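Below, each chain spelled out in residue letters.
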Amino acid sequence: MKEKHVFNIKYRGKVYTLTLEKNRINSQEVLEFLGLSKEYAFVVKNGEIVLSSGILSPEDEIEVINAVSGG
């Protein structure tokens, strides 16, 4: 039996749990899990914005924030 890894992802005041058999994911996978596009949201890891290829582990504090635009 493979080990399960739990990623807790904060988004809009809720915590979503993603359980996988791998211990690393990239921020694009986080956005896909939430059904979001990188054009409208970005991933923050331990307080810093990460690129779509940025690697995340279960120990990281992961938060997704919607991009805001205006004129």
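Residues numbered from 1 in each chain as written. Predicted model: local features only at pLDDT ≥ 70, side-chain atom pairs only at ≥ 80, totals over all residues. Heavy atoms only, no water.

(A) Up close: the sheet that holds strand S4 (residues 41–45). With mixed pairing, five strands are arranged side by side in an open sheet as S2-S1-S7-S4-S5. Two strands close off the open sheet at either side, each with one partner strand: strand S2 (14–20) and strand S5 (48–50). Strand-to-strand, the axes of this sheet are offset by a mean angle of 35°, without reference to chain direction. Pairing of strand S1 (residues 5–11) with S2, which is carried by seven bridges, proceeds in the antiparallel orientation. (Pairing = 2+ DSSP bridges. Helix = DSSP H or I, 4+ residues; strand = E, 2+ residues; numbered from the N terminus. Axes fitted to C-alpha atoms, helices over the stretch in contact; angles between N-to-C directions.)

(B) The arrangement of the side chain of His5 in detail. Among the structural elements, His5 can be located in strand S1. Classification of His5 by relative accessible area gives buried; the value is 14%. When neighbours within four sequence positions are excluded, His5 is seen to be in contact with Leu18, Thr19, Leu20, Glu21, Lys22, Asn23 and Pro58. (Buried < 20%, exposed > 50% of the residue type's maximum accessible area, 1.4 Å probe, protein only. Contact = heavy atoms within 4.5 Å.)

(C) Representation of the environment of Glu63 in the model. Take Glu63: it is sitting in strand S7 (residues 62–66). Judged by its relative accessible area of 32%, Glu63 falls in the partly exposed class. Taking the C-alpha atoms as reference points, Glu63 and Leu20, separated by 43 residues in sequence, lie 18 Å from one another. Among residues more than four places away in sequence, those in contact with Glu63 are Lys10, Phe42, Val43 and Val44.

(D) Local environment of the side chain of Ser57. Residue placement: Ser57 occurs in the loop between strand S6 (55–56) and S7. A polar atom in the side chain of Ser57 sits 3.0 Å from the side chain of Glu59. Excluding residues that lie within four positions of it along the chain, Ser57 makes contacts with Phe7, Asn23 and Ile62. (Polar contact = N/O pair within 3.5 Å; in protein donor to acceptor, adjacent residues only side chain to side chain.)

(E) Representation of the pairing of S1 within the structure. Taking every second residue as pointing to the same face, the buried face of S1 carries His5, Phe7, Ile9 and Tyr11, while none of Val6, Asn8 and Lys10 on the other face is buried. Linking two consecutive strands that pair antiparallel, namely S1 and S2, is a turn of two residues; a positive phi of about 50° is found at Arg12 within it. Where S1 meets S7, three bridges bridge the pair, whose relative direction is parallel. Across the sheet, the residue bridging to Tyr11 is Val64, located in S7.

(F) Expanded view of the pattern of salt bridges. What the rule picks out here adds up to three salt bridges. Among the ionic pairs, Glu21 bridges to Lys4, the shortest N-O distance being 3.4 Å. A residue pair is termed long-range when its members are at least 10 positions apart, and Glu21 in the loop between S2 and strand S3 (25–26) and Lys4 in the segment before S1 qualify at 17 residues. Overall, Lys4 belongs to the partly exposed group, its relative accessible area being 47%. For Glu61, the salt bridge goes to Lys10, with nearest N and O atoms at 3.8 Å. Note that Glu61 is positioned in the loop between S6 and S7 and Lys10 in strand S1, a separation of 51 residues in sequence. Its relative accessible area of 37% is what places Lys10 among the partly exposed residues. (Salt bridge = Lys/Arg side-chain N within 4 Å of Asp/Glu carboxyl O.)

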